[in-house]
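Structural overview for review
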Amino acid sequence: MTNSNSWHGLAELLLAGPQYRRSGTIRLRVTNAGFATVAAPDVQAEADALVVDGRRIPYAGQTFAQLAAAAGLDLGAPEGLYKDTSGAKADDPVVTTDAGTILGALAVGDAALRRFAPDETPVLWPEHFDVGISLDEVNYGVSMGDSAIAEPYAYVGPWKPREGDFWNVSFGAARPLSDLGDAAAVAAFFTEGRAAAA
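This section reports on the structure supplied with the text. Source: prediction; values computed, not measured. (Residues numbered from 1 in each chain as written. Predicted model: local features only at pLDDT ≥ 70, side-chain atom pairs only at ≥ 80, totals over all residues. Heavy atoms only, no water.)

1. A word on the overall build of the protein chain
Of regular secondary structure, the protein chain possesses five helices and ten strands. Relative to a compact globule of 198 residues, whose C-alpha radius of gyration would be 16 Å, the protein chain shows 17 Å and is just as compact. Across its three principal axes, the protein chain shows a C-alpha extent of roughly 50 × 30 × 30 Å. A buried classification covers 49% of the 198 residues belonging to the protein chain. For the protein chain, the share of sequence-separated contacts (at least 6 apart) that also reach a separation of at least 24 residues comes to 53%. Per element, the accessible surface of the protein chain, about 9,300 Å² overall, is 48% carbon and sulfur. Side-chain charges of the protein chain comprise 14 positive and 25 negative groups, with the mean position of each set lying 5 Å from the other. (Helix = DSSP H or I, 4+ residues; strand = E, 2+ residues; numbered from the N terminus. Rg over C-alpha atoms; globule rule 2.2 N^0.38 Å. Buried < 20%, exposed > 50% of the residue type's maximum accessible area, 1.4 Å probe, protein only. Contact = heavy atoms within 4.5 Å. Areas by Shrake-Rupley, 256 points an atom, 1.4 Å probe, with all protein chains shown as cover. Lys, Arg positive; Asp, Glu negative; His and termini not counted. Charge placed at Lys NZ, Arg CZ, Asp CG, Glu CD.)

2. Considering the pattern of salt bridges
Counted according to the given criterion, the structure contains five salt bridges. Between Arg-56 and Glu-46 there is a salt bridge, and its shortest N-O distance comes to 2.6 Å. In this pair, Arg-56 is assigned in strand E5 (residues 55-58) and Glu-46 in strand E3 (residues 43-46), connecting sequence segments ten residues apart. Taken together, the shared-partner salt bridges connect Glu-46, Asp-48 and Arg-56 into one network. (Salt bridge = Lys/Arg side-chain N within 4 Å of Asp/Glu carboxyl O.)

3. Examining the pairing of strand E9 (residues 153-158)
Along E9, six of the six residues are buried, which leaves the element largely enclosed by surrounding structure. Of the two faces of E9, both are covered, the one formed by Tyr-153, Tyr-155 and Gly-157 as well as the one formed by Ala-154, Val-156 and Pro-158. Here six bridges tie strand E8 (residues 138-143) to E9, and the two strands are oriented antiparallel to one another. Pairing of Val-138 across the sheet is with Pro-158, part of E9. As paired elements, E9 and strand E10 (residues 173-176) share four bridges and run antiparallel to each other. Its bridge partner being in E10, Tyr-153 is matched across the sheet by Pro-176. (Pairing = 2+ DSSP bridges.)

4. Thoughts on the nonpolar core
Membership of the largest hydrophobic core comes to 56 residues, with the highest contact counts inside it found for Trp-7, Phe-35, Leu-50 and Phe-190. Top contributing element to this core by residue count: helix H3 (residues 99-116), with eight residues. With residues up to four places along the chain from it excluded, the contact list for Leu-50 reads Leu-14, Leu-15, Val-43, Gln-44, Ala-45, Arg-55, Arg-56, Ile-57, Tyr-59, Leu-67, Ala-71 and Leu-73. (Core = buried A, V, L, I, M, F, W, Y, C linked by side-chain atoms within 4.5 Å.)

5. A look at helix H5 (residues 183-197)
Between its first and last C-alpha, H5 extends 21 Å over 15 residues, near the 21 Å set by a 1.5 Å rise per residue. All of the buried residues in H5 are Ala-183, Val-186, Ala-187, Phe-189, Phe-190, Gly-193 and Ala-197. Taken around the axis of H5, the buried residues stretch over an arc of 155°, which confines them to a single face. Contacts from the buried residues of H5 go to H3, E8, E9, E10 and helix H4 (177-180). (Expected span 1.5 Å × (residues − 1). Arc of directions from axis to C-beta.)

6. Structural notes on the pairing of E8
The element E8 is extensively covered by neighbouring structure, given that five of its six residues are classed as buried. Inspection of the sheet shows strand E7 (residues 130-135) paired to E8 by six bridges, in the antiparallel sense. Its bridge partner lying in E8, Gly-132 is registered against Gly-141. The antiparallel pairing of E7 with E8 creates a hairpin that spans two residues between the two strands, and Asp-136 there sits at a positive phi of about 50°.

7. Some remarks on the side chain of Thr-25
Following the sequence through the fold, Thr-25 ends up in the loop between helix H1 (3-23) and strand E1 (28-30). Of the polar contacts made by the side chain of Thr-25, one reaches the backbone nitrogen of Arg-27; its length is 3.2 Å. Aside from chain neighbours lying at most four places away, what touches Thr-25 is Ala-16, Gln-19, Tyr-20, Val-38 and Ala-39. (Polar contact = N/O pair within 3.5 Å; in protein donor to acceptor, adjacent residues only side chain to side chain.)

What follows is the structure in C-alpha cells.
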C-alpha cells in the first residue's frame, strides 16, 4: 500500500465511515494540521497522530484496526455509497512518511479554492480523497493522486465535456501541483478553467 493510500485509508475508514454511521455525512474538512470530520465523532488526522476528542494516538507501528480500537472508533468505510475505495484493509499498517506532501497539497488546495470561490466551502471527499467544490456544473479541486496522475494535482472537471487546448484529460483539465506551485497559482488555474468552461 502506498503512503497516499494510507492517508486515503485514514480518511475513509477512521473518519468518514464512523462519521457517516453516527451523523449521516461523509464530508470531511481540511484543517491547519491535516483533516477532520465535520460532525460527530470529532476525529482529526494530523501528521503523526489521530486526534479523537482531544486525545492523540500516534500512527507509528499501528494497523488501521489497532488505531481504531485505541480511538474507540468503529472501523470501516461508509457502506453502500460508492464503489471506488481506498483499498485500505483493517490489518494494513498505517504509513504516513509523506505527511508533508499530502497534507501540504490539501492545504494548498483548500486555500486555492477559498481564494477562487470565497462563498463556497471546500469539502474533502473520502471516495477519491480530493478537496473540491462544484460551481455552475463544473468541479474544481485538488486530488492527492490516482491512476490518472500519480502525484497531487489540481483539476477542473466540467459535468459536460468541453473541447479545446485547455482540456488535457478525459475528465477535463489537470495540472500537477509541482508544476503550479502555491495556492495563488492553483486559484489562477481554476479561474482559467472557469473561463474555458463558460
